[in-house]
Amino acid sequence: MTTNADSPAPTHAWGDGLATETLDGQLLDAWFPEPQLGEIPQGRDPHLVPSLLADLATEDEHREVRIRPIVATSRLNEAVSSVTDAYLRLHLLSHLLVQPNTINLDGIFAHLPNNAWTNVGPLTPEAAARLRPRLRRAGIQVYAIDKFPRLLDYVTPDRVRIADGGRVRLGAHLAPGTVVMHEGFVNFNAGTLGASMVEGRISQGVVVGDGSDIGGGASIMGTLSGGGTQRITIGERALLGANSGLGISLGDDSIVEAGLYVTAGTKVAVVGATNPRGELGEPRVVKAIELSGAAGLLFRRNSVTGAVEAVARSGAGIVLNADLHA
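Residues numbered from 1 in each chain as written. Predicted model: local features only at pLDDT ≥ 70, side-chain atom pairs only at ≥ 80, totals over all residues. Heavy atoms only, no water.

A few words on the UniProt feature "active site" (unreviewed entry) in the chain. When the UniProt feature table is mapped onto this chain, "active site" (unreviewed entry) is found at E199. Judged by relative accessible area, E199 falls into the partly exposed class, the value being 29%. Beyond its immediate chain neighbours, meaning those up to four positions away, E199 contacts M181, E183, G184, D213, I214, G215, G216 and G217. (UniProt positions renumbered as here; feature names shortened; annotations may be inferred. Buried < 20%, exposed > 50% of the residue type's maximum accessible area, 1.4 Å probe, protein only. Contact = heavy atoms within 4.5 Å.)

To continue, consider the domain arrangement of the chain. Taken domain by domain, the chain consists of domain 1 (12-146) and domain 2 (151-312). For domain 1 versus domain 2, the separation of C-alpha centres amounts to 32 Å. Each side of the interface is counted separately: domain 1 has 20 residues, and domain 2 has 21 residues. Across the domain 1/domain 2 interface, buried area totals approximately 1,600 Å², and carbon plus sulfur atoms make up 62% of it. Among the residues domain 1 hides against domain 2, the three largest losses belong to S94, P100 and N101. Together they make up 34% of the total. Taken together, the links from domain 1 to domain 2 amount to 1 salt bridge. In this structure, D146 and R169 form a salt bridge, with 2.8 Å as the shortest nitrogen-oxygen distance. (Domains from an automatic or database assignment. Buried area = accessible area lost by both parts, 1.4 Å probe. Salt bridge = Lys/Arg side-chain N within 4 Å of Asp/Glu carboxyl O.)

Right, let's talk about the nonpolar core for a bit. Core analysis: the largest hydrophobic core is formed by 62 residues, its most contacted members being Y87 and F299. Breaking this core down by element, the ones donating at least two residues are β1 (12-22), β5 (65-75), α2 (83-94), β24 (267-271), β26 (297-301) and β27 (308-312). No other element matches α2, which puts 7 residues into this core. In terms of domain composition, this core takes at least three residues from each of domain 1 (12-146) and domain 2 (151-312). Beyond its immediate sequence surroundings of up to four residues, F299 is in contact with I248, L250, I255, V256, E257, L260, V262, V268, L291, E309 and A310. By size, the runner-up hydrophobic cluster in this structure holds 7 residues, among which are A116, A127, A128 and L135. (Core = buried A, V, L, I, M, F, W, Y, C linked by side-chain atoms within 4.5 Å. Helix = DSSP H or I, 4+ residues; strand = E, 2+ residues; numbered from the N terminus.)

Once that is clear, we can look at the packing of aromatic side chains. In this structure the tally under the stated criterion is 4 aromatic pairs. Ring centres of Y87 and Y154 lie 6.1 Å apart, and the angle between their planes is 40°; on these two criteria the pair is classed as tilted. One end of the pair, Y87, is in helix α2; the other, Y154, is in the loop between β8 (142-146) and β9 (161-162), and 67 residues separate them in sequence. Seen in terms of ring centroids, F109 and F188 are 5.8 Å apart; in terms of plane orientation they differ by 80°. Their pairing is edge-to-face. Here F188 lies in the loop between β12 (185-186) and β13 (190-192) and F109 lies in the loop between α2 and β6 (115-118), a separation of 79 residues in the sequence. Classification of F109 as partly exposed rests on a relative accessible area of 35%. (Phe/Tyr/Trp six-rings, centres within 6.5 Å; stacked < 30°, edge-to-face > 60°.)

What follows is about the sheet that holds strand β18 (residues 219-220). Two modes of strand pairing occur in sheets, parallel and antiparallel, and in both the strands are linked by backbone hydrogen bonds. Taken in spatial order, the 5 strands line up as β12-β15-β18-β21-β23 in an open sheet, and their pairing is parallel. Every other strand in the sheet has two partners, leaving β12 and β23 (261-262) as the edge strands with one partner each. Pairing of strand β21 (residues 245-246) with β23 involves 2 bridges; the strand directions are parallel. Looking at the pairing, G245 lines up with Y261 of β23. (Pairing = 2+ DSSP bridges.)

In this section: unusual backbone geometry. A positive phi angle, near 55°, is found at E64, a position not held by glycine. Structurally, E64 is set in the loop between β4 (58-60) and β5. Take E64: its relative accessible area is 24%, and that puts it in the partly exposed class. Positive phi, close to 65°, is recorded for L96, a residue that is not glycine. The class for L96 is buried, based on a relative accessible area of 13%.

Structure, rendered in structure tokens:
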């Protein structure tokens, strides 16, 4: 179950798992099938893992790695301290035990090795180049060289559709009912809080509310874009049209029309806004950041003047196709 964003942030986590390491002891990854919030129960031997995992310990001569059982712990309010700590935190996100932006991920890049990822697990890029003839004979294929693996190699999200597993990273938070189509992408520490359609890009740090649609080719700027620090959220029943882009938060029941890119500094003409008495106000031009998170807006480009406009909308936003998200 996903933690409530208003509840106190968890401070500890632990998990039994399996780690992959090189024969000289370099850790490459860790898998935690059932990570837990809280501290290890009192009386539990911190070095003892369930027999089911212990029985999976092995050595892979093709990749020159060994797989061994581990028990890992994490202090979630502190910076990431190790490879196993990094992987445990990513698992917490993808198991929906924590929401994006609620745990400390400082230092995660420094503790994630750059691995060669294969259809049977990781190895070092150097080993992948040296062992390629052996790997080919064994039917082992390298599909990526990266710090982050595919979500589906570690977690099977509940009631979620993912058309292309290579476009969703471990650490993505996908709520039940989410559909990620072939061109959709979801980064770590990002994702959906309810049933959503994802045909565009959800960048690191971005969360999408229930019932929203990220259209084909749409892009949402994340906290990693240009060294930015702003947390962008997409409200409920919101729509990013095809090939649109967003650098501010989008409120509930709001729409960005197809092909329009709205950044924080975009000059926007506010049309049809009301004053506190409910009367039609005078049009005004503001920076888009001033409208960040405002509900019930349509962002569009005036086809005559070329100006970007924000038009007040009434009523609910979009409605997803229930058959696609059942």
